[in-house]
Protein chains: 2
Amino acid sequence: MSISDWVRSEIRAMAGYQPGEQPAPGERVVKLNTNENPYPAPPEVIEALREACDPQCLRRYPPPDAGPVREAAARAFSVAPEQMVVGNGSDDLLTMVLRTFAGPGAVVAAPGPTYSLIPTLTAIQGAEYQEVPWADTGEVPVAGILAESPNLALVVRPNAPTGHACTLQSVAALCRDLDAPVVLDEAYADFAAEDGLSLLASFPNLIVLRSFSKGLSLAGLRLGLGFAQPEVATELHKVRDSYNVDALAQAGAVAALDNLDGFHEAWDAIKAERQRLTEALRERGFEVGDSQANFVFARVPDGNGGAWYRALKERGILVRHFDQPPELADGLRITVGTPEDNDVLLDAVNDIASP
Amino acid sequence: MSISDWVRSEIRAMAGYQPGEQPAPGERVVKLNTNENPYPAPPEVIEALREACDPQCLRRYPPPDAGPVREAAARAFSVAPEQMVVGNGSDDLLTMVLRTFAGPGAVVAAPGPTYSLIPTLTAIQGAEYQEVPWADTGEVPVAGILAESPNLALVVRPNAPTGHACTLQSVAALCRDLDAPVVLDEAYADFAAEDGLSLLASFPNLIVLRSFSKGLSLAGLRLGLGFAQPEVATELHKVRDSYNVDALAQAGAVAALDNLDGFHEAWDAIKAERQRLTEALRERGFEVGDSQANFVFARVPDGNGGAWYRALKERGILVRHFDQPPELADGLRITVGTPEDNDVLLDAVNDIASP
């Protein structure tokens, strides 16, 4: 037998999830492709990290269940520490959710198009992914999801890569009508008008996920938060890697959660620039939906998203283009950068449109 | 339906892996229960970490495949970067291996008793764990493992919690005769007389795992290395979380790999203390096997391991005791600490034996 015969058929058949490209260290690009916050974390966070670089602390294992982070999150979001699971990024939490609730043959449903890691994780489990199109209004297609009888449903809000946010009412309707866990992935919630944490008290099947990689400017640290009923959290902890969040990430997370006020100025600036970018692109013939995230999804004037992606890359600007599914191929997902970054982008757009 | 009905039956039935207890910050204990290195990493590593605490770097995602770490490991161990997979701890690599090679109904075999995370990860996959007793000589029971026709075999060398190291010849025999991947978990290799990396060139089914949590004094950072054929590494990368190793851990790993010489003094000191501890415990009536790890497995004089564990804990000394399986219940797994730590332990042993 050969190596590939030893591999599970589900894995052999997969291409693997493709993360957005990261420029090499020192490469000069305007990086608007992976939705990082253009503004760094406040100095308190960096100071806490430097202090945590202690050799005696680092030779020891970190708190296995990230107790200090759960307690800081409980303070920040008015929940109990027992409701919290901390992930090595919110992708790690998505993995835990899939491993807990979706075995082989299970059905996983989500309104789509949406975050492309979800079908990848479903495939690793040998489960079946059913994508149900978002309602034309942008709402959760509740009846369509119920019709799939899923073992697990996921809703990304604000959604990637479209940037739109369904109403919390439609999330609540899904939680009420579905007899299965509902994951609300709120990676981009810091840029939205409202969030779904308030639904937790009403729906025992709701699991809310947050990320530190977008609003909290700590993509380099890999941190995510999961909020759920304590009974659900207990099950997720069973499949969590024993020491999944390292000591430095825990120190950074606590400092970020204790200093959330220090991020608001950046979020406000990004929301203002999102509005400016949306309008400027519309003026240039792009079709841009209203976004509640820190990126916009812009359908290009001539419909050839791939050509625009390459033309921007030639000009030193990275944005994200999805070949698949076909309904995304005419668009670009553009992270909202600093005003300077966005000006560079808009100048390049002018240049490409009228060379 | 209730919450537990939504959970996969394999997860519902599990207790979850129990990591060794970690004292609360500030708690004063002699901590000899989770096999950390008692000596900190060299100053170059800590300096590299402090420098990496850069806000502009931390707001960005890290290199997704830990390229700088793979390159540093390739330099340090004379392998190709394409042979390397970096984990968020070597437990993360064990998870990747199980998810890649062991689906529901697969058979996973290992000589035992051994690392108790292996059956837990097997259960999460819905696969079947077959533990085959180590040969009386301490060798891999090759025929016994072949008789289980496993889809995956794992050998821990030096083994936990016994501390003994099978010969590399018996690992090679298993690789040669088994038509399935063989994982050689070398978390404790830095304390052993020899290691198995030299076998990689001969056996395409061999995967070697290393940890930074023991010899490299970085348990707080969560880092592991996987070595395999490039074709095997490609499959493991598919189930790896896209950004599983954070930017600070990557910086620390590179500095540690570039400064391996800085660890040798600590390893030599630990090996000398291991010998002293082994002999001192034997003189006190314990049955202690020869260890090649940074811990000893010591069967207590009266056979009541749990009572000794509690008596030591009352005296501020944490060691590890395993209730299960029964053949381990009369023993304590004691990490080799500093000479001072070990003296405290031995004094306590005297005190417990002759109060």
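Calculation notes
- Residues numbered from 1 in each chain as written.
- Chains lettered and ligands numbered in written order.
- Predicted model: local features only at pLDDT ≥ 70, side-chain atom pairs only at ≥ 80, totals over all residues.
- Heavy atoms only, no water.
- Helix = DSSP H or I, 4+ residues; strand = E, 2+ residues; numbered from the N terminus.
- Rg over C-alpha atoms; globule rule 2.2 N^0.38 Å.
- Buried < 20%, exposed > 50% of the residue type's maximum accessible area, 1.4 Å probe, protein only.
- Contact = heavy atoms within 4.5 Å.
- Areas by Shrake-Rupley, 256 points an atom, 1.4 Å probe, with all protein chains shown as cover.
- Lys, Arg positive; Asp, Glu negative; His and termini not counted.
- Charge placed at Lys NZ, Arg CZ, Asp CG, Glu CD.
- Phe/Tyr/Trp six-rings, centres within 6.5 Å; stacked < 30°, edge-to-face > 60°.
- Lys NZ or Arg CZ within 6 Å of the ring centre and 35° of its normal.
- Buried area = accessible area lost by both parts, 1.4 Å probe.
- Salt bridge = Lys/Arg side-chain N within 4 Å of Asp/Glu carboxyl O.
- Polar contact = N/O pair within 3.5 Å; in protein donor to acceptor, adjacent residues only side chain to side chain.
- Nonpolar A, V, L, I, M, F, W, Y, C, P; charged D, E, K, R; others polar.
- Pairing = 2+ DSSP bridges.
- Axes fitted to C-alpha atoms, helices over the stretch in contact; angles between N-to-C directions.
- Parallel < 35°, antiparallel > 145°, perpendicular 65-115°, else oblique.
- Left-handed = near helix turned anticlockwise from the far one by under 90°.
- Domains from an automatic or database assignment.
- Least-squares fit on C-alpha atoms with pLDDT ≥ 70 in both.

(A) Focus on the overall build of chain A. Counting secondary structure elements, chain A contains 14 helices and 12 strands. Relative to the compact-globule value of 20 Å for 355 residues, chain A shows a C-alpha radius of gyration of 20 Å, a close match. With respect to the three principal axes, the spread of C-alpha positions in chain A is 60 × 55 × 50 Å. The buried share of chain A, reckoned over its 355 residues, is 64%. Intrachain contacts of chain A at a sequence separation of at least 6 include 70% that bridge at least 24 residues. Within the structure as shown, chain A displays about 12,700 Å² of accessible surface, and the carbon and sulfur contribution to it stands at 49%. Within chain A, one finds 28 positive and 49 negative side-chain charges whose respective centroids are separated by 4 Å.

(B) Main features of the packing of aromatic side chains. Residue and element names in this part refer to chain A. As enumerated under the stated definition, the model contains 10 aromatic pairs over all chains in all. For the ring pair Phe-77 and Phe-227, a centre distance of 5.4 Å and an interplane angle of 85° mean the geometry is edge-to-face. One end of the pair, Phe-77, is in helix α5 (residues 67-77); the other, Phe-227, is in strand β8 (residues 224-227), and 150 residues separate them in sequence. An angle of 20° between the planes, with centres 6.1 Å apart, marks the rings of Phe-263 and Trp-267 as stacked. There is no split in this pair, since Phe-263 and Trp-267 are both buried. We note Arg-333 situated over the ring of Phe-295; from NZ or CZ to the ring centre the distance is 5.7 Å.

(C) Highlighting the interface of chain B and chain A. With 75 residues of chain B in contact, the opposing surface of chain A contributes 75 residues. Here chain B and chain A share an interface that buries about 6,600 Å² over both sides, 58% of which is from carbon and sulfur atoms. On inspection of chain B and its partner chain A, the count reaches zero salt bridges. Applying the counting rule to chain B against chain A returns 38 residue pairs in polar contact (both at pLDDT 80 or more). Where the side of chain B that touches chain A is concerned, the elements lending two or more residues are α1 (3-6), α2 (9-12), α3 (43-52), α4 (55-58), α6 (90-101), α7 (117-124), α10 (230-239) and α11 (247-258) of chain B. Of the residues forming the side of chain B that touches chain A, the biggest block, six residues, is contributed by α6 of chain B. When grouped by side-chain class, the residues that make up the side of chain B that touches chain A number 39 nonpolar, 18 polar and 18 charged.

(D) Up close: the pairing of strand β2 (residues 84-87) of chain A. All names here are of chain A. Neither face of β2 is exposed, since Met-84 and Val-86 on one face and Val-85 and Gly-87 on the opposite face are all buried. Here four bridges tie β2 to β8, and the two strands are oriented antiparallel to one another. Across the sheet, Val-86 pairs through a bridge with Leu-225, a residue of β8.

(E) Structural context of the packing of α5 of chain A against helix α11 (residues 247-258) of chain A. Residue and element names in this part refer to chain A. Close contact between α5 and α11 brings their axes to 9 Å; oriented N to C, the two are set at 10°. Considered as vectors, α5 and α11 are oriented roughly parallel to each other. As for how α5 packs across α11, the hand of that crossing is left-handed. Within the contact between the two elements, α5 uses Gly-67, Pro-68, Val-69, Ala-72, Ala-73, Arg-75, Ala-76 and Phe-77 and α11 uses Gln-250, Ala-253, Val-254, Leu-257 and Asp-258. Taken together, the residues of the contact of α5 with α11 break down into nine nonpolar, two polar and two charged.

(F) Main features of the side chain of Ser-217 of chain B. The residue Ser-217 of chain B is located in the loop between β7 (206-211) and β8 (224-227) in this model. When its relative accessible area of 1% is taken as the criterion, Ser-217 of chain B is described as buried. Apart from residues lying up to four places away in sequence, Ser-217 of chain B is in contact with Leu-58 and Arg-59 of chain A together with Asn-37, Tyr-39, Pro-40, Ala-41, Phe-212 and Phe-263 of chain B.

(G) Structural context of helix α10 (residues 230-239) of chain A. Those residues of α10 of chain A that fall on the buried side of the exposure criterion are Val-232, Ala-233, Glu-235, Leu-236, Lys-238 and Val-239 of chain A. Packed against the buried residues of α10 of chain A are β2, α6 (90-101) and β7 (206-211) of chain A together with α1, α2 and α7 of chain B.

(H) Structural detail: helix α13 (residues 305-314) of chain A. All names here are of chain A. For α13, every residue scored as buried is listed here: Gly-305, Gly-306, Trp-308, Tyr-309, Ala-311 and Leu-312. Looking at the buried side of α13, the elements it contacts are β11 (317-318), β12 (331-335) and α14 (339-353). Following α13 by one or two positions, Gly-316 has its phi on the positive side, about 80°.

(I) Just the domain arrangement of chain A, in detail. All names here are of chain A. One can read the domain layout of chain A as domain 1 (3-31 + 263-353) and domain 2 (43-261). Taking only C-alpha atoms, the centre of domain 1 and the centre of domain 2 are 23 Å apart. When domain 1 packs against domain 2, close to 2,200 Å² is buried across both sides, 63% of that on carbon and sulfur atoms. Contact with domain 2 buries surface across domain 1, with Tyr-17, Phe-263 and Gln-292 losing the most and accounting together for 34% of the total. Applying the counting rule to domain 1 against domain 2 returns zero salt bridges. There are nine residue pairs in polar contact (both at pLDDT 80 or more) connecting domain 1 and domain 2. Only α2 (9-12), α12 (264-283) and β10 (295-299) provide two or more residues apiece to the side of domain 1 that touches domain 2. The dominant element in the side of domain 1 that touches domain 2, judged by the number of residues it contributes, is α12, at five residues.

(J) Representation of the relation of the copies chain B and chain A in the model. Once turned by 180° and shifted 0.0 Å along the axis, chain B lies on chain A with an RMSD of 0.0 Å. The symmetry that links the two subunits is that of a two-fold axis. If distances are taken from each C-alpha of chain B to the rotation axis, the shortest is found for Arg-50 of chain B, at 2.7 Å. Most of the interface of chain B is mirrored in chain A, where 100% of its interface residues are also at the interface.

(K) Broad picture of the sheet that holds strand β12 (residues 331-335) of chain B. Here three strands make up an open sheet; going across it, the order is β9-β10-β12 (chain B) and the pairing antiparallel. Looking at the sheet topology across the chains shown, the edges are occupied by β9 (287-288) and β12 of chain B.

(L) Quick peek at the pattern of salt bridges. The tally for this structure, following the rule as stated, stands at 28 salt bridges over all chains. For the salt bridge of Glu-36 of chain A with Lys-31 of chain A, the shortest nitrogen-to-oxygen distance reads 2.9 Å. Of the two residues, Glu-36 of chain A and Lys-31 of chain A, both sit in the buried class. The salt bridge involving Asp-343 of chain B is made with Arg-276 of chain B; its shortest N-O contact spans 3.0 Å. Of this pair, Asp-343 of chain B sits in helix α14 (residues 339-353) while Arg-276 of chain B sits in helix α12 (residues 264-283); the two residues are 67 residues apart in sequence, bridging distant segments of the chain.

(M) Region of the structure containing the sheet that holds strand β6 (residues 182-185) of chain A. All names here are of chain A. Overall, mixed pairing links the seven strands, which are arranged β2-β8-β7-β6-β5-β3-β4 in an open sheet. Edge positions in the sheet fall to β2 and β4 (128-133), since each has one partner strand and no second. Strand-to-strand twist of the sheet, defined as the mean angle between neighbouring strand axes without regard to direction, takes the value 20°. Both strand β5 (residues 152-156) and β6 contribute to a ladder of four bridges, which runs parallel. Within β6, the residue paired with Leu-154 across the bridge is Val-183.

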